[in-house]
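Letter by letter, the chains look like this.
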Amino acid sequence: MQLQQLRAFCEVATELSITRAARNLHYAQSTVTTQIKNLEEAVGAELFDRSRRRLSLTDAGLRLLPHAERIIDIAAAARREIAMVTRHGHGPRRPAGPRALL
């Protein structure tokens, strides 16, 4: 499971359209389709029902969505925190713990 796959999944789930999701993400439609297929392989379940004219989330997709959103939020928070540390000139610090005593 990769972060880009989760982003594509969330965008498709929001738009219920691969075309609109691709446009929003600035990707080719084929890239989004591939990311979704690869994510489905990684989780071992279909995430979207493609049987009707309109996409809809499967039960697996509905269950994955809040987790995917949380993972994306956590990754964004980590990037913001690292950017803040970098901007304020804090250099690398040794982690606390037994190895810090060496």
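See the structure above.
Cut-offs used in this document
- Residues numbered from 1 in each chain as written.
- Predicted model: local features only at pLDDT ≥ 70, side-chain atom pairs only at ≥ 80, totals over all residues.
- Heavy atoms only, no water.
- Helix = DSSP H or I, 4+ residues; strand = E, 2+ residues; numbered from the N terminus.
- Buried < 20%, exposed > 50% of the residue type's maximum accessible area, 1.4 Å probe, protein only.
- Areas by Shrake-Rupley, 256 points an atom, 1.4 Å probe, with all protein chains shown as cover.
- Core = buried A, V, L, I, M, F, W, Y, C linked by side-chain atoms within 4.5 Å.
- Contact = heavy atoms within 4.5 Å.
- Expected span 1.5 Å × (residues − 1).
- Salt bridge = Lys/Arg side-chain N within 4 Å of Asp/Glu carboxyl O.

Looking at the overall build of the chain
- Scanning the chain from terminus to terminus reveals four helices and two strands.
- Helices and strands appear in the chain in the N-to-C order α-α-α-β-β-α.
- Burial statistics for the chain: of 102 residues in total, 28% are counted as buried.
- For the chain, the accessible surface area stands at approximately 7,400 Å², while carbon and sulfur atoms represent 55% of it.

Quick notes on the nonpolar core
- F9, V12, V32, I36 and F48 are the most contacted members of the largest nonpolar core, which totals 20 residues.
- When residues of this core are traced back to their parent elements, those giving at least two are helix 1 (3-15), helix 2 (18-25), helix 3 (29-43) and helix 4 (59-87).
- In terms of residue count, helix 1 provides more of this core than any other element does, six residues in total.
- Once residues lying within four places of it in the same chain are set aside, the contact partners of I36 are A8, F9, V12, F48 and R50.

Quick notes on helix 1
- Helix length check: helix 1, at 13 residues, gives a terminal C-alpha distance of 18 Å against a target of 18 Å (1.5 Å per residue), a fit within 8%.
- The set of residues buried in helix 1 consists of Q5, L6, A8, F9, C10, V12 and A13.
- Against helix 2, helix 3, strand 1 (48-49), strand 2 (56-57) and helix 4 lie the buried residues of helix 1.
- Once helix 1 finishes, L16 follows within two positions and takes phi at roughly 50°, a positive value.

What to know about the environment of N38
- By the element assignment, N38 lies in helix 3.
- Overall, the relative accessible area of 33% leaves N38 in the partly exposed class.
- Counting along the chain gives 36 residues from N38 to Q2, while the straight-line C-alpha distance between them is 9.2 Å.

Some words on the pattern of salt bridges
- Counting across every chain of the model gives two salt bridges.
- Between E15 and R20 there is a salt bridge whose closest N-O contact spans 3.1 Å.
- For E15, a relative accessible area of 22% translates into the label partly exposed.
- Residue R20 is classed as partly exposed on the basis of its relative accessible area, which comes to 34%.
- Here R50 and E40 are joined by a salt bridge, their closest N and O atoms 3.2 Å apart. Here the residue R50 occupies a position in the loop between strand 1 and strand 2, and E40 occupies one in helix 3, the gap between them amounting to 10 residues.

Considering unusual backbone geometry
- The phi dihedral of L16 is positive, around 50°, even though this residue is not glycine.
- Mapping L16 onto the fold places it in the loop between helix 1 and helix 2.
- Its identity is not glycine, yet H26 carries a phi of approximately 60°, on the positive side.
- Residue placement: H26 occurs in the loop between helix 2 and helix 3.
- You can call H26 exposed: its relative accessible area is 72%.

It is worth stressing that arrangement in space is one thing and function is another; only the former is reported here.
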